[in-house]
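Chain residues, written in single-letter form:
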Amino acid sequence: MTDSFSNLSLAPTLARAVAEMGYESMTPIQAQAIPVVLTGQDVMGAAQTGTGKTAAFSLPLLQRLLKHENPSTSPARHPVRALVLLPTRELADQVAQQIKMYAKYTQLRSAVVFGGMDMKPQTLELKKGVEVLVATPGRLLDHIEAKNAVLNQVEYVVLDEADRMLDIGFLPDLQRILSFLPKQRTTLLFSATFSPEIKRLAGSYLQNPITIEVARPNETASTVEQRFYAAQDDDKRRVIRKVLDDRGIKQAFIFVNSKLGCGRLARSLEREGLRTAALHGDKSQDERLKALEAFKKGEVDLLVCTDVAARGLDIKDVPAVFNFDVPFNAEDYVHRIGRTGRAGASGLAVTLVSPSDARLVGDIEKLIKKKLEVETLQLDTRPAGPAPEKWGERAEDRPRSRASEGRRREHDPRDALDAPHERRGGFRPAPINRDPFFQKPYEPAATDVPPSWEPSGPKTVRSSISANIKPKRKVAALFKSGE
Ligand code: AMP
(Lines give C-alpha, C1' and ligand atoms only; values in the text may rest on other atoms or scores of the structure.)
Protein backbone atom coordinates (compact mmCIF):
# COMPACT_ATOMS: atom_id res chain seq x y z
CA MET A 1 0.00 0.00 0.00
CA THR A 2 1.25 3.48 -0.80
CA ASP A 3 -1.19 5.46 1.29
CA SER A 4 1.10 6.39 4.15
CA PHE A 5 2.12 10.03 4.52
CA SER A 6 5.68 8.84 5.12
CA ASN A 7 5.91 7.86 1.43
CA LEU A 8 5.54 11.47 0.43
CA SER A 9 8.83 12.82 1.76
CA LEU A 10 7.06 15.80 3.20
CA ALA A 11 9.28 18.35 4.93
CA PRO A 12 9.66 17.52 8.64
CA THR A 13 7.74 20.68 9.58
CA LEU A 14 4.73 19.55 7.56
CA ALA A 15 5.05 15.89 8.53
CA ARG A 16 5.02 16.91 12.18
CA ALA A 17 1.82 18.89 11.78
CA VAL A 18 0.18 15.99 9.92
CA ALA A 19 1.22 13.58 12.66
CA GLU A 20 -0.27 15.92 15.25
CA MET A 21 -3.55 15.90 13.38
CA GLY A 22 -3.64 12.17 14.04
CA TYR A 23 -3.95 11.18 10.37
CA GLU A 24 -2.78 7.60 10.00
CA SER A 25 -2.99 7.22 6.26
CA MET A 26 -3.92 9.27 3.24
CA THR A 27 -7.50 9.38 2.06
CA PRO A 28 -8.04 8.33 -1.60
CA ILE A 29 -8.09 11.93 -2.89
CA GLN A 30 -4.87 12.65 -0.97
CA ALA A 31 -3.15 9.51 -2.26
CA GLN A 32 -3.98 10.52 -5.81
CA ALA A 33 -3.71 14.31 -5.72
CA ILE A 34 -0.71 15.00 -3.47
CA PRO A 35 1.93 13.38 -5.71
CA VAL A 36 0.49 15.17 -8.76
CA VAL A 37 0.34 18.59 -7.08
CA LEU A 38 3.90 18.06 -5.86
CA THR A 39 4.99 17.92 -9.50
CA GLY A 40 3.31 21.28 -10.15
CA GLN A 41 0.75 20.00 -12.68
CA ASP A 42 -2.78 21.38 -12.97
CA VAL A 43 -5.43 19.19 -11.39
CA MET A 44 -9.13 18.80 -11.92
CA GLY A 45 -10.39 16.90 -8.90
CA ALA A 46 -13.86 15.48 -8.36
CA ALA A 47 -14.20 15.31 -4.61
CA GLN A 48 -16.66 16.44 -2.04
CA THR A 49 -16.03 17.98 1.35
CA GLY A 50 -15.33 15.30 3.88
CA THR A 51 -12.96 13.40 1.57
CA GLY A 52 -9.85 15.11 2.92
CA LYS A 53 -9.45 17.31 -0.14
CA THR A 54 -8.22 20.35 1.82
CA ALA A 55 -5.09 18.47 2.87
CA ALA A 56 -4.93 16.98 -0.64
CA PHE A 57 -4.19 20.39 -2.12
CA SER A 58 -2.77 22.34 0.81
CA LEU A 59 -0.03 19.94 1.93
CA PRO A 60 1.71 19.70 -1.46
CA LEU A 61 1.13 23.38 -2.02
CA LEU A 62 2.78 24.27 1.28
CA GLN A 63 5.60 21.87 0.52
CA ARG A 64 6.27 23.65 -2.78
CA LEU A 65 6.10 27.05 -1.09
CA LEU A 66 8.69 26.12 1.53
CA LYS A 67 11.44 27.42 -0.72
CA HIS A 68 10.01 30.88 -0.08
CA GLU A 69 9.74 30.68 3.72
CA ASN A 70 11.73 33.30 5.54
CA PRO A 71 11.73 34.98 8.94
CA SER A 72 11.77 38.53 7.58
CA THR A 73 9.27 40.99 9.02
CA SER A 74 9.19 42.89 5.74
CA PRO A 75 5.83 42.47 3.93
CA ALA A 76 7.69 42.52 0.63
CA ARG A 77 9.27 39.20 1.59
CA HIS A 78 5.84 37.62 2.03
CA PRO A 79 3.89 38.16 -1.20
CA VAL A 80 0.81 36.09 -1.91
CA ARG A 81 2.06 32.88 -3.56
CA ALA A 82 -1.03 30.74 -3.28
CA LEU A 83 -4.66 31.75 -3.55
CA VAL A 84 -7.51 29.49 -2.46
CA LEU A 85 -11.00 30.57 -3.53
CA LEU A 86 -14.16 29.21 -1.96
CA PRO A 87 -17.84 30.04 -2.25
CA THR A 88 -18.83 30.73 1.36
CA ARG A 89 -17.22 32.28 4.39
CA GLU A 90 -17.86 29.13 6.41
CA LEU A 91 -15.85 27.04 3.99
CA ALA A 92 -13.20 29.73 3.63
CA ASP A 93 -12.80 29.88 7.39
CA GLN A 94 -12.65 26.12 7.72
CA VAL A 95 -10.09 25.68 4.97
CA ALA A 96 -8.00 28.58 6.31
CA GLN A 97 -7.92 27.03 9.75
CA GLN A 98 -6.81 23.69 8.33
CA ILE A 99 -4.06 25.37 6.32
CA LYS A 100 -2.90 27.24 9.44
CA MET A 101 -2.63 23.95 11.27
CA TYR A 102 -0.65 22.26 8.49
CA ALA A 103 1.67 25.28 8.24
CA LYS A 104 2.10 25.85 11.97
CA TYR A 105 5.72 24.66 12.10
CA THR A 106 6.73 26.54 8.97
CA GLN A 107 7.39 30.24 8.52
CA LEU A 108 4.74 30.50 5.82
CA ARG A 109 1.93 32.88 6.65
CA SER A 110 -1.72 32.47 5.77
CA ALA A 111 -4.84 34.60 6.06
CA VAL A 112 -8.49 34.45 5.16
CA VAL A 113 -10.74 37.20 3.80
CA PHE A 114 -14.48 36.98 3.26
CA GLY A 115 -17.47 39.29 3.09
CA GLY A 116 -19.80 40.36 5.84
CA MET A 117 -16.89 41.40 8.02
CA ASP A 118 -15.08 44.65 8.61
CA MET A 119 -12.38 45.00 5.96
CA LYS A 120 -9.90 46.70 8.33
CA PRO A 121 -8.53 43.72 10.27
CA GLN A 122 -8.28 41.77 7.01
CA THR A 123 -6.45 44.70 5.45
CA LEU A 124 -3.95 44.85 8.31
CA GLU A 125 -3.22 41.15 7.93
CA LEU A 126 -2.81 41.44 4.17
CA LYS A 127 -0.50 44.42 4.51
CA LYS A 128 1.81 42.43 6.77
CA GLY A 129 2.22 39.93 3.94
CA VAL A 130 0.89 36.39 3.58
CA GLU A 131 2.02 33.55 1.37
CA VAL A 132 -1.30 31.70 1.36
CA LEU A 133 -4.50 33.68 0.96
CA VAL A 134 -7.88 31.98 1.37
CA ALA A 135 -10.79 34.07 0.14
CA THR A 136 -14.31 34.33 -1.15
CA PRO A 137 -14.36 36.01 -4.56
CA GLY A 138 -16.39 39.16 -3.86
CA ARG A 139 -14.36 40.24 -0.86
CA LEU A 140 -11.11 39.41 -2.57
CA LEU A 141 -12.03 41.77 -5.42
CA ASP A 142 -12.73 44.49 -2.88
CA HIS A 143 -9.24 44.01 -1.44
CA ILE A 144 -7.70 43.95 -4.91
CA GLU A 145 -9.44 47.21 -5.79
CA ALA A 146 -8.31 48.74 -2.50
CA LYS A 147 -4.78 47.58 -3.37
CA ASN A 148 -4.60 45.52 -0.20
CA ALA A 149 -4.01 42.33 -2.12
CA VAL A 150 -1.48 42.09 -4.91
CA LEU A 151 -1.60 38.86 -6.84
CA ASN A 152 1.16 39.20 -9.40
CA GLN A 153 3.38 36.67 -7.64
CA VAL A 154 0.77 33.96 -7.26
CA GLU A 155 2.12 30.57 -8.27
CA TYR A 156 -0.84 28.42 -7.24
CA VAL A 157 -4.54 29.01 -7.39
CA VAL A 158 -7.13 26.62 -6.01
CA LEU A 159 -10.76 26.87 -7.10
CA ASP A 160 -12.43 24.86 -4.38
CA GLU A 161 -16.11 23.88 -4.52
CA ALA A 162 -16.03 25.28 -8.04
CA ASP A 163 -19.50 23.94 -8.86
CA ARG A 164 -20.91 25.87 -5.97
CA MET A 165 -19.11 29.04 -6.98
CA LEU A 166 -20.68 28.82 -10.43
CA ASP A 167 -24.12 28.06 -8.95
CA ILE A 168 -23.88 31.17 -6.83
CA GLY A 169 -23.00 33.27 -9.86
CA PHE A 170 -19.35 33.90 -9.10
CA LEU A 171 -18.12 33.25 -12.66
CA PRO A 172 -17.58 36.93 -13.58
CA ASP A 173 -15.72 37.51 -10.30
CA LEU A 174 -13.58 34.44 -10.85
CA GLN A 175 -12.75 35.57 -14.37
CA ARG A 176 -11.69 38.97 -13.05
CA ILE A 177 -9.59 37.53 -10.25
CA LEU A 178 -7.89 35.09 -12.60
CA SER A 179 -7.05 37.98 -14.93
CA PHE A 180 -4.84 39.46 -12.18
CA LEU A 181 -2.77 36.29 -11.82
CA PRO A 182 0.40 35.44 -13.71
CA LYS A 183 -0.25 33.15 -16.69
CA GLN A 184 2.55 30.89 -15.51
CA ARG A 185 1.01 29.15 -12.51
CA THR A 186 -0.50 25.92 -11.28
CA THR A 187 -4.29 25.81 -11.15
CA LEU A 188 -6.19 23.25 -9.09
CA LEU A 189 -9.92 22.93 -9.49
CA PHE A 190 -12.05 20.87 -7.11
CA SER A 191 -15.70 20.27 -7.63
CA ALA A 192 -18.26 17.77 -6.37
CA THR A 193 -19.47 17.39 -9.92
CA PHE A 194 -18.01 17.79 -13.41
CA SER A 195 -20.90 19.57 -15.08
CA PRO A 196 -20.47 20.98 -18.60
CA GLU A 197 -19.99 24.46 -17.02
CA ILE A 198 -17.18 23.15 -14.82
CA LYS A 199 -15.57 21.51 -17.81
CA ARG A 200 -15.78 24.81 -19.69
CA LEU A 201 -14.19 26.64 -16.76
CA ALA A 202 -11.43 24.06 -16.62
CA GLY A 203 -10.96 24.30 -20.40
CA SER A 204 -10.42 28.06 -20.11
CA TYR A 205 -8.11 28.18 -17.10
CA LEU A 206 -6.35 24.84 -16.64
CA GLN A 207 -3.46 23.59 -18.73
CA ASN A 208 -3.37 19.87 -19.49
CA PRO A 209 -4.92 19.07 -16.12
CA ILE A 210 -4.65 15.65 -14.57
CA THR A 211 -8.16 14.50 -13.76
CA ILE A 212 -8.62 12.85 -10.39
CA GLU A 213 -11.88 11.28 -9.39
CA VAL A 214 -12.12 9.49 -6.10
CA ALA A 215 -15.77 8.73 -6.47
CA ARG A 216 -17.82 8.96 -9.61
CA PRO A 217 -19.24 12.46 -9.92
CA ASN A 218 -22.53 12.76 -8.06
CA GLU A 219 -22.13 9.37 -6.49
CA THR A 220 -23.75 8.97 -3.13
CA ALA A 221 -21.92 6.88 -0.53
CA SER A 222 -22.90 3.23 -0.58
CA THR A 223 -22.94 3.34 3.22
CA VAL A 224 -25.98 5.62 3.17
CA GLU A 225 -29.36 3.93 3.06
CA GLN A 226 -31.55 6.23 0.99
CA ARG A 227 -35.29 6.20 1.55
CA PHE A 228 -38.00 8.28 -0.08
CA TYR A 229 -41.33 8.44 1.70
CA ALA A 230 -44.46 9.98 0.29
CA ALA A 231 -45.78 12.53 2.78
CA GLN A 232 -48.19 15.42 2.67
CA ASP A 233 -46.75 18.53 4.31
CA ASP A 234 -48.87 18.09 7.43
CA ASP A 235 -47.67 14.50 7.91
CA LYS A 236 -43.98 15.10 7.47
CA ARG A 237 -43.18 15.66 11.14
CA ARG A 238 -44.97 12.45 12.05
CA VAL A 239 -42.99 10.52 9.45
CA ILE A 240 -39.77 11.88 10.94
CA ARG A 241 -40.81 10.89 14.45
CA LYS A 242 -41.80 7.45 13.31
CA VAL A 243 -38.52 6.79 11.51
CA LEU A 244 -36.51 8.06 14.49
CA ASP A 245 -38.51 5.90 16.81
CA ASP A 246 -38.52 2.75 14.65
CA ARG A 247 -34.80 2.94 14.01
CA GLY A 248 -33.74 4.02 17.49
CA ILE A 249 -31.88 6.98 15.97
CA LYS A 250 -30.55 9.43 18.52
CA GLN A 251 -29.68 12.49 16.52
CA ALA A 252 -30.39 13.83 13.06
CA PHE A 253 -30.08 16.75 10.69
CA ILE A 254 -33.29 17.92 9.06
CA PHE A 255 -32.86 19.93 5.88
CA VAL A 256 -35.36 22.47 4.67
CA ASN A 257 -35.25 24.76 1.65
CA SER A 258 -35.78 28.14 3.26
CA LYS A 259 -34.75 30.09 6.31
CA LEU A 260 -38.39 30.83 6.99
CA GLY A 261 -39.30 27.15 6.84
CA CYS A 262 -36.29 26.30 8.98
CA GLY A 263 -37.39 28.47 11.88
CA ARG A 264 -40.98 27.30 11.61
CA LEU A 265 -40.17 23.62 11.55
CA ALA A 266 -37.79 23.96 14.49
CA ARG A 267 -40.49 25.73 16.50
CA SER A 268 -43.12 23.11 15.59
CA LEU A 269 -40.86 20.24 16.60
CA GLU A 270 -39.95 22.07 19.78
CA ARG A 271 -43.62 22.50 20.62
CA GLU A 272 -44.03 18.77 20.18
CA GLY A 273 -41.46 18.30 22.90
CA LEU A 274 -38.45 17.46 20.71
CA ARG A 275 -35.13 19.03 21.57
CA THR A 276 -34.48 21.03 18.45
CA ALA A 277 -32.27 23.84 17.21
CA ALA A 278 -32.35 25.80 13.97
CA LEU A 279 -29.33 26.66 11.84
CA HIS A 280 -29.67 29.11 8.98
CA GLY A 281 -28.01 32.18 7.60
CA ASP A 282 -30.16 34.72 9.44
CA LYS A 283 -28.95 33.38 12.78
CA SER A 284 -26.05 35.24 14.26
CA GLN A 285 -22.75 33.44 14.41
CA ASP A 286 -23.15 33.20 18.14
CA GLU A 287 -26.56 31.55 17.83
CA ARG A 288 -25.22 29.12 15.25
CA LEU A 289 -22.30 28.21 17.45
CA LYS A 290 -24.58 27.58 20.38
CA ALA A 291 -26.93 25.44 18.27
CA LEU A 292 -24.05 23.37 16.96
CA GLU A 293 -22.49 22.91 20.33
CA ALA A 294 -25.77 21.93 21.87
CA PHE A 295 -26.14 19.32 19.12
CA LYS A 296 -22.63 18.04 19.68
CA LYS A 297 -23.14 17.78 23.42
CA GLY A 298 -26.39 15.92 22.93
CA GLU A 299 -28.49 18.68 24.45
CA VAL A 300 -30.27 18.96 21.14
CA ASP A 301 -31.42 15.95 19.15
CA LEU A 302 -32.57 17.54 15.93
CA LEU A 303 -30.74 20.22 14.01
CA VAL A 304 -33.01 21.83 11.44
CA CYS A 305 -30.88 23.54 8.83
CA THR A 306 -30.71 25.12 5.42
CA ASP A 307 -28.25 23.96 2.78
CA VAL A 308 -25.47 26.46 2.89
CA ALA A 309 -25.64 26.77 6.67
CA ALA A 310 -24.80 23.10 6.84
CA ARG A 311 -22.54 22.88 3.83
CA GLY A 312 -19.42 24.12 5.53
CA LEU A 313 -19.77 21.93 8.56
CA ASP A 314 -17.16 19.33 9.20
CA ILE A 315 -19.43 17.06 11.16
CA LYS A 316 -19.00 13.38 10.62
CA ASP A 317 -21.22 10.41 11.19
CA VAL A 318 -24.47 12.11 11.94
CA PRO A 319 -26.69 9.00 12.20
CA ALA A 320 -29.46 10.29 9.97
CA VAL A 321 -30.35 13.06 7.60
CA PHE A 322 -33.92 14.01 6.73
CA ASN A 323 -34.87 16.07 3.72
CA PHE A 324 -38.01 17.69 5.02
CA ASP A 325 -38.10 19.50 1.69
CA VAL A 326 -36.75 17.90 -1.46
CA PRO A 327 -33.89 20.24 -2.43
CA PHE A 328 -34.49 22.54 -5.39
CA ASN A 329 -31.03 21.78 -6.64
CA ALA A 330 -30.36 18.06 -7.09
CA GLU A 331 -26.68 18.52 -6.25
CA ASP A 332 -27.71 19.69 -2.80
CA TYR A 333 -29.23 16.26 -2.30
CA VAL A 334 -25.79 14.68 -2.67
CA HIS A 335 -24.31 17.19 -0.25
CA ARG A 336 -27.08 16.81 2.29
CA ILE A 337 -26.96 13.06 2.47
CA GLY A 338 -23.18 13.21 2.54
CA ARG A 339 -23.53 14.43 6.12
CA THR A 340 -24.31 10.87 7.14
CA GLY A 341 -22.63 7.56 6.40
CA ARG A 342 -19.21 9.18 6.39
CA ALA A 343 -15.91 7.38 6.76
CA GLY A 344 -17.51 3.99 6.24
CA ALA A 345 -20.10 4.38 9.00
CA SER A 346 -23.63 3.45 8.04
CA GLY A 347 -26.14 6.24 7.72
CA LEU A 348 -29.76 6.81 6.86
CA ALA A 349 -31.06 9.50 4.52
CA VAL A 350 -34.82 9.97 4.40
CA THR A 351 -36.45 12.29 1.89
CA LEU A 352 -40.05 13.33 2.38
CA VAL A 353 -41.78 13.67 -0.94
CA SER A 354 -45.02 15.51 -1.50
CA PRO A 355 -46.93 15.16 -4.78
CA SER A 356 -45.63 18.46 -6.12
CA ASP A 357 -42.04 17.25 -5.75
CA ALA A 358 -42.12 14.78 -8.66
CA ARG A 359 -39.91 16.92 -10.89
CA LEU A 360 -37.32 17.50 -8.15
CA VAL A 361 -37.14 13.78 -7.39
CA GLY A 362 -36.73 13.18 -11.12
CA ASP A 363 -33.78 15.63 -11.11
CA ILE A 364 -32.14 13.66 -8.29
CA GLU A 365 -32.69 10.41 -10.17
CA LYS A 366 -30.97 11.86 -13.21
CA LEU A 367 -28.08 13.24 -11.20
CA ILE A 368 -27.29 10.15 -9.18
CA LYS A 369 -28.29 7.85 -12.02
CA LYS A 370 -30.43 5.67 -9.81
CA LYS A 371 -34.08 4.79 -10.07
CA LEU A 372 -35.70 6.04 -6.89
CA GLU A 373 -38.68 4.40 -5.32
CA VAL A 374 -41.08 6.43 -3.21
CA GLU A 375 -42.53 4.35 -0.42
CA THR A 376 -45.49 4.92 1.84
CA LEU A 377 -44.94 4.74 5.55
CA GLN A 378 -47.96 3.66 7.54
CA LEU A 379 -48.46 6.25 10.26
CA ASP A 380 -50.16 5.72 13.58
CA THR A 381 -53.55 7.38 13.80
CA ARG A 382 -52.64 9.47 16.85
CA PRO A 383 -52.18 13.18 16.17
CA ALA A 384 -48.65 14.58 16.08
CA GLY A 385 -49.10 17.23 18.72
CA PRO A 386 -50.10 20.87 18.34
CA ALA A 387 -51.21 22.09 14.95
CA PRO A 388 -48.36 22.83 12.57
CA GLU A 389 -47.57 26.32 11.50
CA LYS A 390 -48.79 27.33 8.08
CA TRP A 391 -46.73 25.80 5.30
CA GLY A 392 -48.68 27.23 2.39
CA GLU A 393 -46.24 30.10 1.89
CA ARG A 394 -43.24 27.92 1.19
CA ALA A 395 -43.48 28.28 -2.56
CA GLU A 396 -42.76 31.99 -2.11
CA ASP A 397 -39.43 31.14 -0.53
CA ARG A 398 -38.21 29.55 -3.73
CA PRO A 399 -35.64 31.32 -5.83
CA ARG A 400 -37.06 33.87 -8.17
CA SER A 401 -33.93 34.52 -10.11
CA ARG A 402 -30.30 33.67 -10.12
CA ALA A 403 -27.91 35.94 -8.33
CA SER A 404 -27.11 38.96 -10.47
CA GLU A 405 -23.89 38.70 -12.38
CA GLY A 406 -22.59 42.18 -11.66
CA ARG A 407 -19.94 43.33 -9.24
CA ARG A 408 -20.92 44.00 -5.68
CA ARG A 409 -19.33 46.03 -2.94
CA GLU A 410 -18.53 45.74 0.74
CA HIS A 411 -21.41 43.55 1.98
CA ASP A 412 -21.34 40.94 -0.66
CA PRO A 413 -24.35 38.66 -0.38
CA ARG A 414 -22.53 35.96 -2.28
CA ASP A 415 -20.08 35.76 0.55
CA ALA A 416 -22.95 35.24 2.93
CA LEU A 417 -23.79 32.01 4.59
CA ASP A 418 -26.76 31.04 2.51
CA ALA A 419 -27.37 30.18 -1.11
CA PRO A 420 -29.04 32.60 -3.51
CA HIS A 421 -32.47 31.13 -3.00
CA GLU A 422 -32.21 32.02 0.66
CA ARG A 423 -31.27 35.61 0.21
CA ARG A 424 -34.65 37.10 -0.43
CA GLY A 425 -34.48 39.25 2.68
CA GLY A 426 -31.09 40.71 1.82
CA PHE A 427 -27.74 40.15 3.37
CA ARG A 428 -27.11 40.41 7.07
CA PRO A 429 -23.47 40.35 8.00
CA ALA A 430 -22.52 38.04 10.81
CA PRO A 431 -20.40 39.67 13.46
CA ILE A 432 -17.56 37.20 14.04
CA ASN A 433 -15.14 35.20 12.01
CA ARG A 434 -13.91 32.19 13.96
CA ASP A 435 -15.96 29.09 14.46
CA PRO A 436 -14.02 26.51 16.46
CA PHE A 437 -16.83 24.02 16.15
CA PHE A 438 -15.97 23.48 12.52
CA GLN A 439 -12.68 22.01 13.58
CA LYS A 440 -14.27 19.30 15.62
CA PRO A 441 -15.77 16.19 14.14
CA TYR A 442 -19.18 15.09 15.29
CA GLU A 443 -19.09 12.64 18.14
CA PRO A 444 -22.16 11.03 19.59
CA ALA A 445 -23.14 12.78 22.81
CA ALA A 446 -21.47 11.45 25.92
CA THR A 447 -24.71 11.76 27.85
CA ASP A 448 -27.00 8.80 28.45
CA VAL A 449 -30.09 10.98 28.15
CA PRO A 450 -32.39 9.30 25.63
CA PRO A 451 -33.52 11.39 22.69
CA SER A 452 -36.63 13.44 23.25
CA TRP A 453 -38.85 11.26 21.03
CA GLU A 454 -38.11 8.09 22.95
CA PRO A 455 -40.58 7.03 25.62
CA SER A 456 -38.86 6.15 28.87
CA GLY A 457 -38.10 2.46 29.32
CA PRO A 458 -36.03 0.07 27.24
CA LYS A 459 -36.04 0.61 23.51
CA THR A 460 -35.86 -2.03 20.84
CA VAL A 461 -33.64 -0.92 18.03
CA ARG A 462 -34.73 -2.22 14.69
CA SER A 463 -32.00 -2.12 12.17
CA SER A 464 -34.13 -3.35 9.32
CA ILE A 465 -36.84 -1.45 7.54
CA SER A 466 -40.08 -1.00 9.46
CA ALA A 467 -42.79 -3.63 8.98
CA ASN A 468 -45.17 -0.74 8.41
CA ILE A 469 -43.64 0.19 5.12
CA LYS A 470 -45.84 -0.78 2.23
CA PRO A 471 -44.38 -2.32 -0.92
CA LYS A 472 -42.44 0.08 -3.09
CA ARG A 473 -44.08 1.95 -5.93
CA LYS A 474 -42.39 3.77 -8.73
CA VAL A 475 -42.25 7.57 -8.40
CA ALA A 476 -44.36 8.21 -11.48
CA ALA A 477 -46.97 5.63 -10.54
CA LEU A 478 -47.28 7.08 -7.08
CA PHE A 479 -47.88 10.57 -8.30
CA LYS A 480 -50.40 9.43 -10.88
CA SER A 481 -52.48 7.67 -8.29
CA GLY A 482 -52.00 10.39 -5.70
CA GLU A 483 -53.37 13.21 -7.80
P1 AMP B 1 -12.03 18.02 4.05
O2 AMP B 1 -12.65 17.09 3.04
O3 AMP B 1 -10.75 18.58 3.58
O4 AMP B 1 -13.02 19.06 4.49
O5 AMP B 1 -11.65 17.16 5.34
C6 AMP B 1 -12.60 16.58 6.15
C7 AMP B 1 -12.02 16.14 7.47
O8 AMP B 1 -11.13 15.04 7.29
C9 AMP B 1 -11.23 17.20 8.24
O10 AMP B 1 -11.66 17.18 9.58
C11 AMP B 1 -9.80 16.75 8.17
O12 AMP B 1 -9.07 17.12 9.32
C13 AMP B 1 -9.95 15.24 8.09
N14 AMP B 1 -8.86 14.57 7.37
C15 AMP B 1 -8.19 15.02 6.31
N16 AMP B 1 -7.26 14.13 5.93
C17 AMP B 1 -7.34 13.09 6.76
C18 AMP B 1 -6.63 11.84 6.88
N19 AMP B 1 -5.67 11.50 6.04
N20 AMP B 1 -6.99 11.03 7.87
C21 AMP B 1 -7.98 11.35 8.72
N22 AMP B 1 -8.69 12.51 8.68
C23 AMP B 1 -8.37 13.37 7.70
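Because the structure is a prediction, the values reported are computed rather than measured.

Draft legend 1. Representation of the UniProt feature "domain: DEAD-box RNA helicase Q" (unreviewed entry) in the protein. The feature "domain: DEAD-box RNA helicase Q" (unreviewed entry), as given by UniProt, occupies residues 3–31 in the numbering adopted here. In residues 3–31, helix accounts for 48% and strand for 0%; the two terminal C-alpha atoms are 6 Å from one another.

Draft legend 2. Quick look at the site of the ligand. Every one of the 14 residues lining the ligand counts as a neighbour, but Y23, T49, G52, T54 and A55 are closest to it. A total of 3 residues in the shell around the ligand trace back to one element, the largest contributor, which is helix 3 (residues 53–65). Broken down by class, the residue content of the shell around the ligand amounts to 5 nonpolar, 7 polar and 2 charged.

Draft legend 3. Spotlight on the sheet that holds strand 6 (residues 186–191). If you trace the 7 strands from one edge of the open sheet to the other, you get 3-4-2-5-6-1-7, paired in parallel fashion. Whereas interior strands pair on both sides, the edge strands pair on one side only; in this sheet they are strand 3 (110–113) and strand 7 (210–213). Between one strand and the next, the sheet's axes are offset by a mean angle of 15°, whatever the strand orientation. In this sheet, strand 6 lies alongside strand 5 (residues 156–159) in parallel orientation, the contact comprising 4 bridges. Its bridge partner being in strand 6, Y156 is matched across the sheet by T186.

Draft legend 4. Representation of the pairing of strand 4 (residues 132–135) in the model. By the alternation rule, side chains of strand 4 split into V132 and V134 and L133 and A135, which are all buried. Note: strand 2 (residues 82–85) against strand 4, 4 bridges, orientation parallel. Bridging from a neighbouring strand, A82 pairs with V132 of strand 4. Bridge count between strand 3 and strand 4: 4 bridges; the pairing is parallel.

Draft legend 5. Highlighting unusual backbone geometry. Non-glycine residue S9 carries a positive phi angle of around 55°. Here S9 is to be found in the segment before helix 1 (12–21). A tally of 9 C-beta atoms within 10 Å means that S9 is categorised as exposed.

Draft legend 6. Spotlight on the packing of helix 14 (residues 330–337) against helix 15 (residues 358–368). Where helix 14 contacts helix 15, the two axes come as close as 8 Å, and the packing angle between them is 70°. Classified by the angle between their axes, helix 14 and helix 15 sit roughly perpendicular to one another. Counting all contacts with helix 14, which are made through A330, E331, Y333 and V334, the residues of helix 15 involved are D363, I364, L367 and I368. Residues of the contact of helix 14 with helix 15, tallied by class, amount to 6 nonpolar, no polar and 2 charged.

Draft legend 7. Expanded view of the environment of V18. Considering the arrangement of structural elements, one finds V18 in helix 1. Exposure remark for V18: the 18 C-beta atoms within 10 Å place this residue in the partly exposed category. Separated by 41 residues in the primary sequence, V18 and L59 have C-alpha atoms spaced 8.9 Å apart. Ignoring sequence-local partners within four residues, the contact set of V18 consists of F5, L10 and Y23.

Here is what the cut-offs are and how they apply
Residues numbered from 1 in each chain as written. Predicted model: local features only at pLDDT ≥ 70, side-chain atom pairs only at ≥ 80, totals over all residues. UniProt positions renumbered as here; feature names shortened; annotations may be inferred. Helix = DSSP H or I, 4+ residues; strand = E, 2+ residues; numbered from the N terminus. Near = placed C-beta within 6 Å. Nonpolar A, V, L, I, M, F, W, Y, C, P; charged D, E, K, R; others polar. Pairing = 2+ DSSP bridges. Axes fitted to C-alpha atoms, helices over the stretch in contact; angles between N-to-C directions. Buried ≥ 20, exposed ≤ 12 C-beta atoms within 10 Å, placed from the backbone. Parallel < 35°, antiparallel > 145°, perpendicular 65-115°, else oblique. Contact = placed C-beta atoms within 7 Å.

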